[in-house]
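Examining the three-dimensional arrangement
This is what each chain is made of:
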Amino acid sequence: MSAVDAKLINQRSAVAKAWGVHLFTALGLVLAVFATLALIEHQIELMWLWLLIAMMVDGVDGTLARRARVKEVLPWFDGGILDILIDYITWTFLPAVFMYTNLPMGPKPLAAVLTVLVLWSSTLCYANEHWKSSDYYFRGFPAAWNIVAVSMYVLHTGTITNVVIVSALVILTMTPTYWTHPFRVKRFMKINIIAIVAWVLSVIWLVAVYPQPGGWVSLGMFWLGGGWFMLSCIIRTVTGEDRPSAKRVNAEPQPQPDHA
């Protein structure tokens, strides 16, 4: 096999891998359709299942995209736009509709206003090119309304609590607070991942047994995992940008100056 043939095969393989990643990301749209149909049919457990799978897809597709060098291999196709479109549907739009139709949000006019505010404020998050800090925290509440909605659902929170929480998070979306990305923030990464996994497992159980209480083990995992996550956000907001350790600085490649 000539060098030219080998290069052509490698190029085709890279293109196939890049498209594979984009198709994997697009799977989130299929899951969003299934979740929407489940919500329409009042199959709430099934809706949360589809949204959970969509969240798992969203959690790994970025890593796969970086490994496949999709921006380099397919520069004309913006997977980021595809990802944002799917995230808005699964993380924001469907949860907002679910909160309006299935949770106590006050009189319908008030619930409608809150739904509009949720959807409107979230666009400021998705359209912000600087919505992540250099140390990979989200600036402002990152429109994770699926987490908010499922928490209210399994905890049976009342009208006043729901209205206060939604109003506060709408405001926090537009304020300089910092929210942990559990799979990219370096500080406390192992603890962050353990906490988020514990929280997700507890939510899966609480949804499965709803409307029955889940027991002290699942509720303990819920509050400990969620509590640590909120504490990590507060620490970053109060103390400022994470400082990389000397070990990390030495291990990571240093940026090279641009050539004129």
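Since the model is a prediction, treat every value here as computed from it, not as a measurement.

Leaving glycine aside, a negative phi is the common case for residues, and trans is the common case for peptide bonds. In this structure, the amide linkage connecting Y210 to the following residue, P211, adopts the cis form with an omega of 10°. Here P211 lies in the loop between α8 (189-209) and α9 (216-239). Phi at Y136 takes a positive value of approximately 75°, unusual for a residue other than glycine. Tracing the sequence through the fold places Y136 in the loop between α5 (108-126) and β1 (138-139). Overall, Y136 belongs to the partly exposed group, its relative accessible area being 30%. The backbone of F188 sits at a positive phi, close to 60°, despite the residue not being glycine. Inspection of the secondary structure puts F188 in the loop between β2 (178-179) and α8. The exposure class assigned to F188 is partly exposed, which follows from its relative accessible area of 33%.

When two helices pack together, their arrangement is given by the angle between their axes and by how far apart the axes lie. Relative orientation of the contacting elements α8 and α9 amounts to 140°, with a least axis distance of 8 Å. In terms of their interaxial angle, α8 and α9 are classed as oblique. Regarding α8 and α9, the two cross each other, and that crossing is left-handed. Contact with α8, carried on its side by I191, N192, A195, A198, W199, L201, S202, V203, W205 and L206, involves S218, L219, M221, F222, G225, G226, W228 and S232 of α9 and no other residues of that element. Class assignment for the residues of the contact of α8 with α9 results in 12 nonpolar, 6 polar and no charged.

Time to look at helix α2 (residues 44-68). Taking 1.5 Å per residue, 25 residues should reach 36 Å; α2 reaches 36 Å between its end C-alpha atoms and fits that length. Largest kink in α2: about 30°, centred on V60. Residues of α2 that are buried include every one of I44, M47, W48, L51, L52, A54, V57, D61, A65 and A68, and no others. Of the residues trailing α2, R69 is marked for its positive phi of about 55°.

The next thing to look at is the pattern of salt bridges. A full pass over the atoms with the stated rule returns 1 salt bridge. Between D135 and R236 there is a salt bridge; the shortest N-O distance is 2.8 Å. In this pair, D135 sits in the loop between α5 and β1 while R236 sits in helix α9, placing the two residues 101 residues apart along the sequence. In terms of burial, D135 and R236 fall into one category: buried.

Examined against the element boundaries, T173 turns out to sit in helix α7 (residues 159-173). You can call T173 buried: its relative accessible area is 10%. Within the local environment of T173, its side chain forms a polar contact with the backbone oxygen of L169, the two atoms lying 2.7 Å apart. The contact partners of T173, leaving out residues within four places of it in the chain, are S121, C125, G140 and F141.

Attention now moves to the nonpolar core. Of all hydrophobic cores here, the largest spans 46 residues; its most connected members are M47, W48, F98, M99, W145 and V166. Broken down by secondary-structure element, the contributors of at least two residues to this core are α1 (3-40), α2, α4 (79-102), α5, α6 (145-155), α7, α8 and α9. In terms of residue count, α6 provides more of this core than any other element does, 7 residues in total. In this structure, M99 is in contact with M105, V118, W145, A149, M152 and V166, ignoring residues within four places of it in sequence. Ranked by size, the runner-up nonpolar core spans 8 residues in total, among them A18, V21, V70 and V73.

Conventions used here
All chains use their own residue numbering, which begins from 1 and follows the written sequence. Local features are withheld for residues below a pLDDT of 70 in this predicted model, meaning they are given only at 70 or higher, and side-chain atom pairs are given and counted only at 80 or more; totals for whole chains, interfaces and linings count all residues. Excluding hydrogens and water, the side-chain figures rest on all heavy atoms present in the structure. Helix numbering and strand numbering both begin at the N terminus, where a helix is a DSSP run of H or I of at least 4 residues and a strand a DSSP run of E of at least 2. Buried residues are those whose accessible area, probed at 1.4 Å on protein chains only, stays under 20% of the maximum for their type, while exposed residues exceed 50% and partly exposed ones sit between those limits. All axes here are fitted lines through C-alpha atoms, helices being fitted over the stretch that makes contact, and every angle between N-to-C directions spans 0 to 180 degrees. Angle categories: roughly parallel below 35 degrees, roughly antiparallel above 145, roughly perpendicular from 65 to 115, and oblique for all the rest. Put simply, a crossing is left-handed when the front helix is turned counterclockwise from the back one by less than a right angle, and right-handed when it is turned clockwise. Any two residues whose heavy atoms approach within 4.5 Å at even a single point are treated as in contact. When residues are grouped by polarity, Ala, Val, Leu, Ile, Met, Phe, Trp, Tyr, Cys and Pro land in nonpolar, Asp, Glu, Lys and Arg in charged, and all others, Gly among them, in polar. By this rule the span expected of a helix is its residue count minus one, scaled by 1.5 Å. Throughout, bend refers to the angle between the axes fitted to the seven residues that end at a position and the seven residues that start at it. A pair is scored as a salt bridge if a Lys or Arg side-chain nitrogen falls within 4 Å of a carboxyl oxygen belonging to Asp or Glu. For the purposes of these results, a polar contact is taken to be a pair of N or O atoms within 3.5 Å, where, inside protein, one atom must be able to donate a hydrogen and its partner to accept one; residues adjacent in sequence count only when each atom of the pair is a side-chain atom. What we call a nonpolar core is a set of buried Ala, Val, Leu, Ile, Met, Phe, Trp, Tyr and Cys residues that are connected through their side-chain atoms within 4.5 Å.

The values are spatial; any link to function lies outside them.
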